[in-house]
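Given next are the chains, with one letter for each unit.
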Amino acid sequence: MNRPEPTLHLKPRKDASLQRRHPWVFAGAVERLGGKAAPGDTVRVVGADGRFLARAAFSPSSAIRARVWTFDEAETVDEAFVAARVHAAVARREPLRERSDALRLVFGEADGLPGCVVDRYAGQLVVQFLSAGVERWRDAIVDALVAATGCAAVYERSDASAREREGLALRAGPIRGEAPAPVPVVEHGVRYRVDVIGGHKTGFYIDQRDNRALVGEHAAGRRVLNCFCYTGGFTLAARRGGAAEATSIDASAEALAMAAANERDNGFESPSTWLQANVFDALKSMLAEGRQFDLIVLDPPKFAPSVQHVDAAARAYKEINLKAMRLLAPGGLLFTFSCSGAITADLLRGIVAGAAVDARVDAQVLRQLAAGIDHPMSITHPEGEYLKGLMLRRM
Ligand code: SAH
């Protein structure tokens with residue numbers, strides 16, 4: 001016996017974003033729920049005129065009240081449906097396998113699995129279920145991942161704050177296999193160990209892979225300063241690229257210990273300088289000491305967690321960029337990033353332009369930078385764009 005499908009009725013004129021295939025239904029657009037739906041259940045979303053718009057995952061406690069699974073009325077959402085999405089996402093990354101052992105296999109909305117993130121570190125999968133919808137299909141998704149990749153080890157890092165906004169408790173631990181020791185991976189010839197249990201996000205900033213390679217290509221003979229170095233990503237890429245010397249700064253002692261160990265694993269002749277400090281203070285001291293660098297990386301944490309934080313974040317981005325420009329020798333390169341979704345690429349460029357003016361330096365934009373192609377965004381979901389950056393040359 002088929003129960004009638006629970007139905008989310010939208011208010012009049014609130015269907016425009018779904019017509020444009022934006023995958024979120026905000027609470028304010030909802031008139032009422034017809035029938036009963038538990039968190040994560042699939043609901044039929046209809047306009048005020050009753051017309052079918054989408055099938056979506058219901059999330060009663062989130063401001064994003066439903067996330068679209070499909071705009072196709074003929075599709076039903078079941079285990080086979082989510083498994084097909086997983087297999088397709090994994091297959092799309094197949095050509096990237098040779099670049100690195102660290103790849104993002106599933107990236108939420110862009111892969112049709114809203115709220116689901118899956119990263120692969122060699123034979124270890126790390127998963128995040130950050131919405132009620134993918135939480136509901138957790139077992140089916142894990143089964144499909146194991147089948148699609150052949151990886152027997154799956155660790156869960158559903159301990160991101162996004163879970164709380166969905167009314168879900170934080171959860172972390174092994175789903176398949178044991179809790180892993182730091183996993184060795186090789187990216188563009190550089191070795192890193194990834195702490196999937198205690199590291200940031202799923203353990204590593206996979207999204208910066210192409211940008212680390214770019215830094216490596218331009219590092220030869222340069223004095224490098226890597227700010228917010230975490231486990232040494234950009235530093236080791238620069239060293240492999242032939243940097244003359246490297247100084248790296250992070251506030252976290254654990255991250256720096258891992259970075260130094262990663263450096264040893266790569267067998268460079270001598271260790272570089274790892275500095276535990278607040279980047280804002282360290283840049284100030286370096287300026288006072290008259291230090292100069294030929295290549296600087298600024299990859300700070302998300303200064304603007306939401307639109308409310310944009311002004312304060314813009315000031316912080318400007319400050320570090322201004323100081324970095326002053327520390328750059330003429331001809332020096334600056335790789336500067338923001339991973340705040342609320343800071344648009346245009347805004348970042350404006351902030352950096354303001355920093356250059358105030359630093360009284362002229363600069364060229366050589367490249368606009370973004371996350372790697374294993375971190376796609378859906379063309380109808382601009383919120384998926386979070387990481388942006390610029391490669392600049394100080395004139
Ligand atoms: N570039 C790195 C990722 C950077 S993540 C990579 O490619 O792997 C941001 C890092 O900034 C974290 O390691 C965090 O410990 C550090 N951090 C945050 N605020 C800081 C501050 N004010 N000063 C120094 N480090 C900071």
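Residues numbered from 1 in each chain as written. Predicted model: local features only at pLDDT ≥ 70, side-chain atom pairs only at ≥ 80, totals over all residues. Heavy atoms only, no water.

**Remarks on the pairing of strand 4 (residues 42-46)**
- Most of strand 4 is tucked away: five of the five residues are buried.
- Along strand 4, one buried face is formed by T42, R44 and V46 and the opposite face, lined by V43 and V45, is buried too.
- Pairing between strand 1 (residues 7-10) and strand 4: three bridges, direction parallel. Residue pairing across strands places H9 opposite V46, the latter belonging to strand 4. (Buried < 20%, exposed > 50% of the residue type's maximum accessible area, 1.4 Å probe, protein only. Helix = DSSP H or I, 4+ residues; strand = E, 2+ residues; numbered from the N terminus. Pairing = 2+ DSSP bridges.)

**Some words on the packing of aromatic side chains**
- For the structure shown, the criterion picks out nine aromatic pairs.
- The interplanar angle of 90 degrees and the centroid separation of 5.9 Å between the aromatic rings of W69 and F81 together place this pair among those described as edge-to-face. Linking W69 in strand 6 (residues 64-70) with F81 in helix 2 (residues 79-93), this pair joins segments that are twelve residues apart in sequence.
- Looking at W69, the relative accessible area reads 3%, which means it is buried.
- Look at Y192 and F204: their rings are 5.0 Å apart centre to centre, the planes differ by 50 degrees, and that puts the pair in the tilted class. You can see Y192 sitting in strand 13 (residues 190-194) and its partner F204 sitting in the loop between strand 13 and helix 6 (209-217), a full twelve residues away along the chain.
- In textbook terms, an aromatic cluster arises when at least three aromatic residues are bridged by ring pairs, as seen for F228, F280, F303 and Y317.
- One cation-aromatic arrangement involves R136 over W137; the distance from NZ or CZ to the ring centre is 4.2 Å. (Phe/Tyr/Trp six-rings, centres within 6.5 Å; stacked < 30°, edge-to-face > 60°. Lys NZ or Arg CZ within 6 Å of the ring centre and 35° of its normal.)

**Focus on the site of the ligand**
- Taken together, 15 residues lie near the ligand, and R212, D250, A251, V279 and D299 sit nearest.
- One of the side-chain N or O atoms of R212 is found 3.0 Å from an oxygen atom in the ligand.
- Within the backbone of A251, a nitrogen or oxygen atom sits 3.0 Å from a nitrogen atom of the ligand.
- Contact with the protein chains removes 89% of the 580 Å² of surface that the ligand exposes when unbound.
- Split by residue class, the shell around the ligand holds nine nonpolar, three polar and three charged. (Near = heavy atom within 4 Å. Polar contact = N/O pair within 3.5 Å; in protein donor to acceptor, adjacent residues only side chain to side chain. Areas by Shrake-Rupley, 256 points an atom, 1.4 Å probe, with all protein chains shown as cover. Nonpolar A, V, L, I, M, F, W, Y, C, P; charged D, E, K, R; others polar.)

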